[in-house]
Structure formats: C-alpha cells, structure tokens
Amino acid sequence: NDRATKAWAVELWRGPRKLAVRDGEWAFSASPVPTQLSLAADGVDRIRFIVKSHHQRGAGLAELSFR
C-alpha cells in the first residue's frame, strides 16, 4: 500500500499516427479495484500506457490487459 498510479494516459497508435488518447487520474486507495476503459479505433498496432504521476513511492501498476 505504498505506491499507486495517479495521473495517466492511454494512447492508441497505427504506425506513426496516434489514433486516440484518453487521460485520467485515480485517487489513492489501499484496496484498489479494476478499471475498464473503452477506446475505439481501427487498425491499432500499438497501445501505450503513460504514467504521468504517482502516489507515494511509485506507480504501482500490477496488471494491464487489452482486448
């Protein structure tokens, strides 16, 4: 319970072109729950998750999955 992501962004890319972006921020929680985001774009070949800031000691990402 000493780290957690605060501000973040998710980017969807096709080659050199950014197709979509979503920015957000999470409050600190000692018992975090999964978060789902919906972003739509055709032909995505790369997904980038950017941690912009964090709570306490670090970002604390445990798991990312994409469908």
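One can find the structure itself at the top, above this paragraph.
A quick note: this is a predicted structure, and the numbers were derived from the prediction, not measured.

Engineer: What is the right way to read the overall build of the protein chain from this model?
Structural biologist: Counting secondary structure elements, the protein chain contains zero helices and five strands. What you see in the protein chain, going N to C, is helices and strands ordered as β-β-β-β-β. Dimensions of the protein chain, computed from the C-alpha atoms along their principal axes, are close to 40 × 20 × 15 Å. Restricting the contact set of the protein chain to residue pairs at least 6 apart, pairs at least 24 apart contribute 66%. On the protein chain, roughly 5200 Å² of surface is accessible, and the fraction owed to carbon and sulfur atoms is 47%. One finds the centroid of the 11 positive side-chain charges in the protein chain at a distance of 3 Å from the centroid of its 7 negative side-chain charges.

Engineer: How do you make sense of the packing of aromatic side chains when you look at a structure like this?
Structural biologist: Aromatic ring pairs are reported here in terms of the distance separating the ring centres and the angle at which the planes meet. As enumerated under the stated definition, the model contains three aromatic pairs in all. Summarising the aromatic geometry, the rings of W8 and W26 are spaced 5.1 Å apart at their centres and angled 35° between planes, so their arrangement reads as tilted. Within this pair, whereas W8 is found in strand β2 (residues 7-14), its partner W26 is found in the loop between β3 (17-25) and β4 (46-51), the two being separated by 18 residues in sequence. Exposure remark for W8: the relative accessible area of 4% places this residue in the buried category. With 6.1 Å between their ring centres and 15° between their planes, W8 and F49 make a pair best called stacked. Of this pair, W8 sits in strand β2 while F49 is found in strand β4, placing the two residues 41 residues apart along the sequence. Grouping aromatic residues by their ring pairs yields a cluster made of W8, W26 and F49.

Engineer: Please clarify how unusual backbone geometry should be interpreted in this entry.
Structural biologist: Negative phi values dominate among residues other than glycine, just as trans dominates among peptide bonds. Backbone geometry places Q56, a non-glycine residue, at a positive phi of 55°. The topology assignment puts Q56 in strand β5 (residues 54-56).

Engineer: Whenever I open this one, the environment of A4 confuses me. Can you help?
Structural biologist: Relative to the assigned elements, A4 resides in strand β1 (residues 3-5). Setting aside chain neighbours within four positions, we find A4 in contact with F28, H54, H55, G58, A59 and G60.

Engineer: Could you clarify how one ought to interpret the sheet that holds β2 in this entry?
Structural biologist: Each strand in a sheet pairs with its neighbour through backbone hydrogen bonds, running either in the same direction (parallel) or in the opposite one (antiparallel). Read from one edge of the open sheet, three strands run β3-β2-β4, paired in antiparallel fashion. Edge positions in the open sheet fall to β3 and β4, since each of these has one partner strand only. Adjacent strand axes in the sheet meet at a mean angle of 15° when their direction is disregarded. Summarising the sheet, β2 and β3 pair through eight bridges and their orientation is antiparallel. Looking at β3, one finds that W8 is bridged to G24.

Procedures and definitions
- Here the residue index of a chain counts from 1 through its sequence in written order.
- With the structure being a predicted model, the display of local features is reserved for residues of pLDDT at least 70 and the display and counting of side-chain atom pairs for 80 or more, all residues being used for whole-chain, interface and lining totals.
- Each side-chain value is derived from all of the structure's non-hydrogen atoms; neither hydrogens nor water enter the calculation.
- The helix count covers DSSP runs of H or I at least four residues long, the strand count covers runs of E at least two residues long, and both are numbered beginning at the N terminus.
- We call two residues contacting when some pair of their heavy atoms lies within 4.5 Å.
- Computed with the Shrake-Rupley method and a 1.4 Å probe, the accessible areas treat only the protein chains shown as cover for residues.
- The positive count covers Lys and Arg only, the negative count covers Asp and Glu only, and His and the chain ends enter neither.
- Where a charge lies is defined by one atom per residue type, namely NZ (Lys), CZ (Arg), CG (Asp) and CD (Glu).
- We call Phe, Tyr and Trp rings a pair once their centres come within 6.5 Å, taking the six-membered ring for Trp, and we label the pair stacked below 30 degrees between planes, edge-to-face above 60, and tilted otherwise.
- Only protein chains enter the accessibility calculation, which uses a 1.4 Å probe; a residue whose area is less than 20% of its type maximum is buried, one above 50% is exposed, and one in between is partly exposed.
- Any two strands with at least two DSSP-identified bridges between them are counted as paired.
- A fitted line through C-alpha atoms represents every axis, and for helices the fit uses only the stretch in contact; the resulting angles, taken between N-to-C directions, go from 0 to 180 degrees.

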